Amino acid sequence: MTENPSREPGLSIRLDATWLSGILRADQIRRDTLVSLVATWGSDEAREDVVLQLDALAEAVTSPREGELDALIEAVESAAAMDDAEIRMDLHTALRLRAELDAAIAKLGRFNPAAVARLPHQRGEAA
């Protein structure tokens, strides 16, 4: 794991140790997922369904088949009545993430400067 230079590492973009890929960290999604999962625990019937779906997922993790994990994860999300994994952000956060992403792109593109040169460079310009 590489050091995260972000002022707010819980929602940030950084490079891996090899500088070959970027890593998006979004702790709020994990938090919301766990809160949503345990919120269902209050209902015995819903808890039973969640546990059954988690057991099926646990079995599949040992030897997953193509597409099986996705379907089982969706079943757990459905049983726990989970919302989409989204994060709302204000302008300040969006600009901070863009700056972090721009820094990552500059380093990721070091072996392919032609591809980086084709990217729009003016602020506010769409890619």
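Residues numbered from 1 in each chain as written. Predicted model: local features only at pLDDT ≥ 70, side-chain atom pairs only at ≥ 80, totals over all residues. Heavy atoms only, no water.

A short note on the pattern of salt bridges
Then, in step 1: Counted according to the given criterion, the structure contains 6 salt bridges.
Then, in step 2: Among the ionic pairs, Arg96 bridges to Glu8, the shortest N-O distance being 3.8 Å. Pair noted here: Arg96 is in helix α4 (residues 91-108) and Glu8 is in the segment before β1 (11-15), with a separation of 88 residues, a long-range link.
Then, in step 3: Here Arg47 ties to Asp44 by a salt bridge, and the two come within 2.6 Å at their closest N and O atoms. A residue pair is termed a helical-turn pair when its members lie 3 or 4 positions apart in one helix, as Arg47 and Asp44 do in helix α2 (residues 44-62) at 3 residues.
Then, in step 4: For Arg47, a relative accessible area of 27% gives the class partly exposed.
Then, in step 5: Among the charged side chains, a salt-bridge network with shared partners connects Glu8, Arg96 and Glu100. (Salt bridge = Lys/Arg side-chain N within 4 Å of Asp/Glu carboxyl O. Helix = DSSP H or I, 4+ residues; strand = E, 2+ residues; numbered from the N terminus. Buried < 20%, exposed > 50% of the residue type's maximum accessible area, 1.4 Å probe, protein only.)

Considerations on the nonpolar core
Then, in step 1: Core analysis: the largest hydrophobic core is formed by 8 residues, namely Leu37, Val50, Leu57, Ala60, Leu72, Val76, Ala79 and Ala80.
Then, in step 2: Elements with a minimum of two residues in this core: α2 and α3 (68-79).
Then, in step 3: Not counting residues up to four positions away in its chain, the partners in contact with Ala60 are Glu68, Leu69 and Leu72.
Then, in step 4: Ranked by size, the runner-up nonpolar core spans 6 residues in total, among them Ile13, Leu15, Ala26 and Ala104. (Core = buried A, V, L, I, M, F, W, Y, C linked by side-chain atoms within 4.5 Å. Contact = heavy atoms within 4.5 Å.)

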